[in-house]
Amino acid sequence: DWKMGDFVDSTIAAIKEKVGDGKALCALSGGVDSSVAAVMMSKAIGKQLTCVFVDHGLLRKDEGESVDAVFGPDGPYDLNFVHVDARERFYKKLAGVTEPEQKRKIIGEEFIRVFEEEAKKIGAVDYLVQGTIYPDVIESGLGDSAVIKSHHNVGGLPDYVDFKEIIEPLRMLFKDEVRRAGLELGIPEKLVYRQPFPGPGLGIRIIGDVTPEKVKIVQEADAIYREEIAKAMEGGVIPKYGQPGTIGQYFAALTNMRSVGVMGDFRTYDYAIALRAVMTSDFMTAEAAQLPWDVLGKVTNRIVNEVEHVNRVMYDCTSKPPGTIEFE
Ligand code: XMP
């Protein structure tokens with residue numbers, strides 16, 4: 001009988017043994033995976049761990065603040081926390097880049113660079129901790145399967161990195177198991193049942209090149225979408241997150257398509273937002289969620305009225321496969 005508590009305990013013991021009196025640096029995104037990895041590491045090695053949260057300018061609206069609230073000095077955990085504002089440097093690197101894999105590669109490499117720099121400041125950091133989970137490992141083609149997408153938090157160390165090793169404590173777990181491990185570690189349910197958010201962030205929810213203006217558009221649209229979904233969950237219109245029949249993931253993406261619309265007496269030529277919501281248990285396969293039309297209508301109205309440069313909203317009905325959950 002395989003128990004999550006045993007897994008957590010033995011993983012913590014193994015980390016302790018491995019790291020000894022060395023130092024580790026944890027890449028904290030604020031998502032479920034890296035949060036669970038961070039708390040697990042913190043339980044194992046305490047202040048030998050530094051958590052670095054990088055604001056790459058591709059976060060959801062208000063996300064930086066909510067990460068600070070949980071992991072910062074006023075939060076419940078006793079760990080070294082560094083918040084790096086790297087927005088400008090990511091935007092600069094991404095300027096004009098349209099090819100999805102190239103975008104992912106740039107974001108992933110820039111991440112590593114930022115961590116390297118933070119590591120140098122701390123000095124003698126031996127280990128890099130990442131919240132890689134099992135589906136990431138499979139889909140990055142580390143097994144026999146072909147590369148579908150290069151997940152930026154998988155794949156080992158590039159040559160230029162001078163950490164000794166990467167520690168991936170969740171490497172063998174599926175998402176639902178990560179959540180159970182999180183609860184086992186005493187992480188608040190609110191955080192544990194947060195919907196996943198990919199490392200490359202809004203960078204892969206903006207089709208084509210990334211600009212600060214496009215980031216702002218997708219942030220605003222996504223915030224409205226999440227707000228209305230939350231209301232629908234509160235009101236019992238759709239199941240609450242984590243409950244049977246729940247939506248696994250939902251977000252707005254910015255298509256690179258502009259189309260003609262009409263606003264009052266004027267012609268508009270603006271962007272189309274795509275809404276995605278999927279039912280999934282393991283994120284390896286997924287089906288489009290049958291969201292109530294009323295909810296979609298309300299979200300659509302609010303987005304076209306409240307978000308500048310958007311005049312059209314579309315709903316993505318595609319399963320995975322053949323689609324993926326994200327757009328790039
Ligand atoms: P896809 O788009 O591959 O997504 O169907 C499956 C799940 O993985 C998340 N995802 C990522 N998570 N780094 C991550 O940490 C990544 O590069 C990445 N790409 C996709 C996605 O949000 C979904 O939950």
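Every chain's residues receive numbers from 1 upward, in the order its sequence appears when written. In view of the model being predicted, local features appear only for residues whose pLDDT reaches at least 70, and side-chain atom pairs are presented and counted only at 80 or more, with totals across whole chains, interfaces and linings using the full set of residues.

**With respect to the UniProt feature "binding site: ATP" (unreviewed entry) in the chain**
- UniProt marks Ser 29, Gly 30, Gly 31, Val 32, Asp 33, Ser 34 and Ser 35 with the feature "binding site: ATP" (unreviewed entry), using the numbering shown here.
- Here a strand is any run of E in DSSP of at least two residues, a helix any run of H or I of at least four, and the numbering for each starts at the N terminus. Relative to the helices and strands, Ser 29 resides in the loop between strand 1 (24–28) and helix 2 (32–45).
- With respect to the secondary-structure elements, Val 32 resides in helix 2.
- Placing a C-beta atom from the backbone of each residue, one calls two residues in contact when those atoms lie within 7 Å. In this structure Val 32 touches Val 178, Arg 179, Gly 182, Val 192, Arg 194 and Pro 196, once residues within four positions along its chain are discounted. UniProt positions are given in the numbering used here, feature names are shortened, and annotations may be inferred rather than shown by experiment.

**Quick word on the domain arrangement of the chain**
- For every domain, the bounds stem from an assignment made automatically or drawn from a database. Here the chain is partitioned into domain 1 (4–192) and domain 2 (205–315).
- Listed per partner, the contact involves 13 residues of domain 1 and 13 residues of domain 2.
- Mapped by element, the contributors of at least two residues to the side of domain 1 that touches domain 2 are helix 4 (87–94) and helix 7 (175–184).
- Residue classes follow a fixed rule: Ala, Val, Leu, Ile, Met, Phe, Trp, Tyr, Cys and Pro count as nonpolar, while Asp, Glu, Lys and Arg count as charged, and any other residue, Gly among them, counts as polar. Classifying every residue of the side of domain 1 that touches domain 2 by side-chain character gives six nonpolar, three polar and four charged.

**Some points on the sheet that holds strand 2 (residues 49–55)**
- Strands pair, by our definition, only if DSSP identifies at least two bridges between them. Overall, parallel pairing links the five strands, which are arranged 3-2-1-4-5 in an open sheet. Edge strands, defined here as strands with exactly one partner in the open sheet, are strand 3 (80–85) and strand 5 (165–167). If you compare each strand with its neighbour and ignore which way they point, the axes differ by 25 degrees on average.
- Here strand 2 runs beside strand 3; their pairing, made up of six bridges, is parallel. Along strand 3, the bridge assignment pairs Asp 55 with Asp 85. Structural elements are reduced to axes, namely lines fitted to C-alpha atoms, with helices fitted over the stretch in contact, and the angle between N-to-C directions of any two is expressed from 0 to 180 degrees.

**Structural notes on the nonpolar core**
- Grouped together as the largest cluster of nonpolar side chains are 79 residues, with contacts concentrated most on Ala 24, Cys 26, Met 41, Cys 51, Val 129, Ala 221 and Ile 273.
- It is helix 2 that provides the largest number of residues to this core, a total of nine residues.
- Composition of this core by domain shows at least three residues from each of domain 1 (4–192) and domain 2 (205–315).
- With residues near it in sequence (within four places) discarded, Cys 51 still touches Cys 26, Leu 28, Ala 38, Phe 71, Leu 79, Asn 80 and Phe 81. Structurally, a nonpolar core is described as a collection of buried Ala, Val, Leu, Ile, Met, Phe, Trp, Tyr and Cys residues joined by way of C-beta atoms within 7 Å. Remark: C-beta atoms are placed from the backbone, and a residue is labelled buried if 20 or more other C-beta atoms sit within 10 Å of its own, exposed if 12 or fewer do, or partly exposed between those counts.

**Brief notes about the packing of helix 4 against helix 5 (residues 100–122)**
- Between helix 4 and helix 5, the shortest axis-to-axis distance is 10 Å and the interhelical angle comes to 150 degrees. The handedness of the crossing between helix 4 and helix 5 is right-handed. Residues Arg 89, Phe 90, Lys 93 and Leu 94 of helix 4 form the contact with helix 5, whose participating residues are Lys 103, Ile 106, Ile 107 and Glu 110.
- Class assignment of the residues belonging to the contact of helix 4 with helix 5 gives a composition of four nonpolar, no polar and four charged. Here is the rule for handedness: rotate from the far helix to the near one, and if that takes an anticlockwise turn smaller than a right angle the crossing is left-handed, while a clockwise turn gives right-handed.

**A few points about helix 7**
- Every buried residue belonging to helix 7 is among Lys 175, Val 178, Arg 179, Ala 181 and Gly 182, and all of these are buried. End-on view of helix 7: buried residues confined to an arc of 160 degrees, all on one side of the axis.
- On its buried face, helix 7 sits against helix 1 (4–19), helix 2 and helix 8 (189–192).
- Of the residues trailing helix 7, Gly 186 is marked for its positive phi of about 80 degrees. Here the arc refers to the directions that run from the helix axis out to each C-beta atom.

**Focus: helix 2**
- Taking 1.5 Å per residue, 14 residues should reach 20 Å; helix 2 reaches 20 Å between its end C-alpha atoms and fits that length.
- A positive backbone phi angle near 50 degrees is found at Gly 46, which sits one or two residues after helix 2. Multiply 1.5 Å by the residue count of a helix minus one, and that product is the helix's expected span.

**Quick look at the environment of Cys 317**
- Topologically, Cys 317 is positioned in the segment after strand 9 (310–315).
- C-alpha separation for the pair Cys 317 and Arg 276, spaced 41 residues apart in sequence, amounts to 7.8 Å.

**What to know about the confidence of the model for the chain**
- Summary statistics for the chain give a mean pLDDT of 90 and a share of 92% for residues scoring 70 or more.
- The ipTM assigned to the predicted complex is 0.99, against a pTM of 0.84. pLDDT expresses, on a scale from 0 to 100, how confident the predictor is about each individual residue.

**Observations regarding the packing of helix 9 (residues 212–234) against helix 10 (residues 293–306)**
- The geometry of helix 9 relative to helix 10 is characterised by a closest axis approach of 9 Å and an angle of 150 degrees between their N-to-C directions. In this view, helix 9 runs roughly antiparallel relative to helix 10, as classed from their interaxial angle. Crossing handedness for the pair helix 9 and helix 10: right-handed. Across the interface between the two elements, Ala 221, Ile 224, Tyr 225, Glu 228 and Ala 232 of helix 9 pack against Val 295, Lys 298, Val 299, Arg 302, Ile 303 and Glu 306 of helix 10.
- Here the residues of the contact of helix 9 with helix 10 are counted per class, giving seven nonpolar, no polar and four charged. Here roughly perpendicular refers to angles of 65 to 115 degrees, roughly parallel to angles under 35, roughly antiparallel to angles over 145, and oblique to all remaining angles.

**Thoughts on unusual backbone geometry**
- Of note, the amide linkage connecting Lys 320 to Pro 321 takes the cis form, showing an omega dihedral of -15 degrees.
- Here Pro 321 lies in the segment after strand 9.
- Geometrically, the link from Pro 321 to Pro 322 is a cis peptide bond, its omega value of 10 degrees lying close to zero.
- Among the structural elements, Pro 322 can be located in the segment after strand 9.
- Positioned with a positive phi, Phe 283 is a non-glycine residue whose angle comes to about 65 degrees.
- Inspection of the secondary structure puts Phe 283 in the loop between strand 7 (266–279) and strand 8 (287–288).

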